Amino acid sequence: MEDKQKDFTTATDFKKINTPSPSILKHYEKLYDRNQNKFIRRSKLEPSHRGAEFEYLGRQMKIIGSIDERQLLVLDIEEDLYYMIHIDIPTEKILNP
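Please read these numbers as outputs of a predicted model, since none were measured by experiment.

1. Quick word on helix α2 (residues 88–95)
Okay, step 1: Of the positions making up α2, those classed as buried are Ile89, Pro90, Thr91 and Ile94.
Okay, step 2: In this structure, the buried side of α2 is in contact with β2 (53–56), β3 (59–66), β4 (71–76) and β5 (81–86).

Structure, rendered in structure tokens:
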């Protein structure tokens, strides 16, 4: 399957966000755990994958939590920047390296 990674600045499935407050980070962590514990869920990621690292667009990313059922909050480890990313991207990178 062809890798369809978009330009870092124009990807609609990958968007930079402001650094969340500690309370919002906790909320996203809990939401991830809740979403990944559902019997029927969109992604095959498990609760244990929170904190997992993967590479995307040449950057090392870490799963922080869920924004909703389709988007995760990830951290660019080197740049210390937060992004919303479509859940299918880290799912593919982590489960099918």
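2. What about the packing of aromatic side chains?
Okay, step 1: This model, assessed by the stated rule, comprises 2 aromatic pairs.
Okay, step 2: Plain terms: the ring middles of Phe14 and Tyr56 are 5.0 Å apart, the flat faces sit at 65 degrees to each other, and that makes the pair edge-to-face. Of this pair, Phe14 sits in strand β1 (residues 14–17) while Tyr56 sits in strand β2, placing them 42 residues apart in sequence. Across the pair, exposure class does not vary: Phe14 and Tyr56 are buried alike.
Okay, step 3: Their ring planes at 10 degrees and their centres at 4.5 Å tell us that Phe14 and Tyr83 sit as a pair that is stacked. Here Tyr83 lies in strand β5 and Phe14 lies in strand β1, a separation of 69 residues in the sequence. For the pair Phe14 and Tyr83, one class covers both residues: buried.

3. Details of unusual backbone geometry
Okay, step 1: Here the phi dihedral of Leu57 falls at roughly 55 degrees; this positive angle occurs in a residue that is not glycine.
Okay, step 2: Examined against the element boundaries, Leu57 turns out to sit in the loop between β2 and β3.
Okay, step 3: The backbone of Asp80 sits at a positive phi, close to 55 degrees, despite the residue not being glycine.
Okay, step 4: Structurally, Asp80 can be placed in the loop between β4 and β5.

The rules behind these values
Residues numbered from 1 in each chain as written. Predicted model: local features only at pLDDT ≥ 70, side-chain atom pairs only at ≥ 80, totals over all residues. Heavy atoms only, no water. Buried < 20%, exposed > 50% of the residue type's maximum accessible area, 1.4 Å probe, protein only. Helix = DSSP H or I, 4+ residues; strand = E, 2+ residues; numbered from the N terminus. Contact = heavy atoms within 4.5 Å. Phe/Tyr/Trp six-rings, centres within 6.5 Å; stacked < 30°, edge-to-face > 60°.

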